[in-house]
Amino acid sequence: VSNTVLTTFILFVVRGEFPNVRIYPHYVKDILSYGGWLTASVIVRRITTELDKFILTRWLPVAQIGAYNRPAQFLTSITTKVTDIFDVVLFPILSSFNEDRAKIKDSFLKSISLISWFGLIFTALLVLGGQIIIDIFFGAEWEWLIPVFRVLSLSVLFLFHTAICDCYFRSLGYVKAYFYARSITCIITLICVFVGAQYDILGAAIG
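Residues numbered from 1 in each chain as written. Predicted model: local features only at pLDDT ≥ 70, side-chain atom pairs only at ≥ 80, totals over all residues. Heavy atoms only, no water.

## Details of helix 7 (residues 155–171)
Spacing of three or four residues puts side chains on the same side of an α-helix, whose turn is 3.6 residues.
In step 1: With 17 residues, helix 7 extends 24 Å between its outermost C-alpha atoms, agreeing within 8% with the 24 Å of an ideal straight helix rising 1.5 Å per residue.
In step 2: Regarding helix 7, the residues found buried are Val156, Leu157, Phe160, Ala163, Ile164, Asp166, Cys167, Tyr168, Arg170 and Ser171.
In step 3: Just downstream of helix 7 lies Gly173, where phi reads positive at about 80 degrees. (Helix = DSSP H or I, 4+ residues; strand = E, 2+ residues; numbered from the N terminus. Expected span 1.5 Å × (residues − 1). Buried < 20%, exposed > 50% of the residue type's maximum accessible area, 1.4 Å probe, protein only.)

And the structure:
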């Protein structure tokens, strides 16, 4: 906290002026509304991403859940590192020209095209290199998890697309629609994982 305060103070001194403090009620209302819906959406997004790990404890033996979580957590951590780049880079850029709908549309199509090519190549490497990855990071005794790993690898491409869409929902201010879309996704995921869990951990991965 002290570092943030000191850095802010230095920036104001270097700039040579200090801001005037005023409260605009309509801005406060907009910020609270935006922040509230966005916070709720992020919570639902996080629950959806980790939903399989949360609920499988009710339907699968502990040993199988532990085995399932190893490749699932590995792929989630890799994907998160890549998608965090979208938030850091893409969101501020989009927010800077959110009034220019033509530019937003053009950047969206270019972003989806680029991430699709990257995602396809990355996913293909994960699927085709599943056995090598399992041997290196998990050990040869876990080779029976290769089918589960390959199925879960397919979700990486969808997670990349989801991250791009998240940026556009937020940058355009569609946080309420974003929350509803996320909630529907969470419900569908819950149903699919429940059905898949009836057919062992491979079924859960497919779900």
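## Quick look at helix 4 (residues 101–128)
In step 1: Relative to the 40 Å expected for 28 residues at 1.5 Å per residue, helix 4 spans 40 Å between its end C-alpha atoms, a close match to the ideal helical length.
In step 2: Of the residues making up helix 4, those classed as buried are Ile104, Ser107, Ser111, Ile115, Ser116, Gly119, Phe122, Thr123 and Leu126.

## Observations concerning the pattern of salt bridges
In step 1: For the structure on display, the rule yields three salt bridges.
In step 2: Note that Arg45 and Asp166 form a salt bridge whose closest N and O atoms lie 3.3 Å from each other. Of this pair, Arg45 sits in helix 2 (residues 25–55) while Asp166 sits in helix 7, placing them 121 residues apart in sequence.
In step 3: A relative accessible area of 23% means that Arg45 is categorised as partly exposed.
In step 4: Notably, a salt bridge pairs Asp106 with Lys110, separated by 3.3 Å at the nearest N-O pair. In this pair, Asp106 and Lys110 both sit in helix 4, four residues apart, roughly one turn of the helix.
In step 5: Look at Asp106 and you get partly exposed, because its relative accessible area is 38%.
In step 6: What makes Lys110 exposed here is its relative accessible area of 55%. (Salt bridge = Lys/Arg side-chain N within 4 Å of Asp/Glu carboxyl O.)

## Some details on the side chain of Asp166
In step 1: Given a relative accessible area of 5%, Asp166 falls into the buried group.
In step 2: There is a polar contact of 3.3 Å between the side chain of Asp166 and the side chain of Arg45. (Polar contact = N/O pair within 3.5 Å; in protein donor to acceptor, adjacent residues only side chain to side chain.)

## Remarks on the nonpolar core
In step 1: Counting 41 residues, the largest nonpolar core has Leu56 and Tyr68 as its most contacted members.
In step 2: Contributing elements (two or more residues each) for this core: helix 2, helix 3 (62–96), helix 4, helix 5 (130–138), helix 6 (146–153), helix 7, helix 8 (175–197) and helix 9 (200–206).
In step 3: Considering each element in turn, this core owes the most residues, ten residues, to helix 3. (Core = buried A, V, L, I, M, F, W, Y, C linked by side-chain atoms within 4.5 Å.)

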